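Here's the letter readout for the chains.
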Amino acid sequence: MKYKITTSQFGEIEFSDDLVYHFQSGPAGFEELHDFIIINDEESAPLRWLLSVEDPSVGFAIVEASLVAPEIYSEVAPEDRENSVLFVIVILRQPPEQVTVNLKAPILVRKDKRIASQVILDSEKYSTRHILT
Amino acid sequence: MLILTRKLGESIRIGDSVRVVVVAIDGASVKLGIEAPESVPVHREEIYQKIIAANREAAAHLNRDFARTLKKTLKFKTGEQSDG
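Model, not experiment: these values are computed from the prediction. (Residues numbered from 1 in each chain as written. Chains lettered and ligands numbered in written order. Predicted model: local features only at pLDDT ≥ 70, side-chain atom pairs only at ≥ 80, totals over all residues. Heavy atoms only, no water.)

### Observations regarding the interface of chain B and chain A
Part 1: Taken residue by residue, the interface counts 29 residues in chain B and 43 residues in chain A.
Part 2: Of the roughly 3400 Å² buried between chain B and chain A on both sides combined, carbon and sulfur atoms contribute 62%.
Part 3: Counting only elements with at least two residues in the side of chain B that touches chain A, the list comes to α1 (45-60) and α2 (64-70) of chain B.
Part 4: Looking at the side of chain B that touches chain A, the element that brings in the most residues is α1(B), giving twelve residues.
Part 5: Within the side of chain B that touches chain A, the residues separate by chemical class into 14 nonpolar, seven polar and eight charged. (Contact = heavy atoms within 4.5 Å. Buried area = accessible area lost by both parts, 1.4 Å probe. Helix = DSSP H or I, 4+ residues; strand = E, 2+ residues; numbered from the N terminus. Nonpolar A, V, L, I, M, F, W, Y, C, P; charged D, E, K, R; others polar.)

Below is the structure:
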């Protein structure tokens with residue numbers, strides 16, 4: 001099955017359903033959204049985009065956790081870590097000195113099963129607004 | 001809101017899969033034990049609210065043009081780095 005969505009940042013995007021990641025419950029505050037795609041964008045790399053299939057006005061800038069805080073991998077249960085990639089959500093607040101990432105609640109993506117979830121780390125070490133610069 | 005009084009060691013059950021036990025009481029602090037299936041996330045309310053706020057702010061600041069300019073300014077642990 002093919003999808004076509006129109007977004008403010010990328011215009012029209014077409015993709016097949018095997019690229020969709022399913023959230024049992026969407027990211028906190030967006031629980032009603034279940035299906036997302038991840039766009040690898042050469043121009044903004046390593047930032048990528050997590051876009052809602054159901055509501056194309058909703059999207060998040062994300063970056064692989066290994067690039068900003070590889071230590072958070074050890075906070076995730078080993079059985080969840082297998083075949084998974086952790087991303088953190090980026091708040092693109094301007095200027096660049098105010099750009100933050102949410103280390104407290106990364107997005108766990110299982111590529112093999114095409115499922116994803118926002119997990120909340122128990123450790124109190126991690127901030128929801130960690131400054132990136 | 002339903003309000004119930006429980007003593008130390010007593011519990012309440014929510015539906016057939018969630019149990020909340022009073023594990024310890026120390027002055028103004030109450031330690032709760034929660035048994036819930038994996039499909040029922042359990043969080044401290046104030047942390048959950050912070051995450052909702054951060055998610056909403058992230059979604060409101062979706063800006064590809066700004067993201068492009070960050071390639072050289074942000075510090076990532078590996079990958080391409082700007083050496084100024």
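### Considering α1(B)
Part 1: The terminal C-alpha atoms of α1(B), which comprises 16 residues, lie 23 Å apart, in line with the 22 Å expected from a rise of 1.5 Å per residue.
Part 2: Those residues of α1(B) not exposed but buried are B:I47, B:I51, B:I52, B:A54, B:N55, B:E57, B:A58 and B:A59.
Part 3: Contacts from the buried residues of α1(B) go to β6 (59-64), β7 (84-91) and β10 (115-118) of chain A. (Expected span 1.5 Å × (residues − 1). Buried < 20%, exposed > 50% of the residue type's maximum accessible area, 1.4 Å probe, protein only.)

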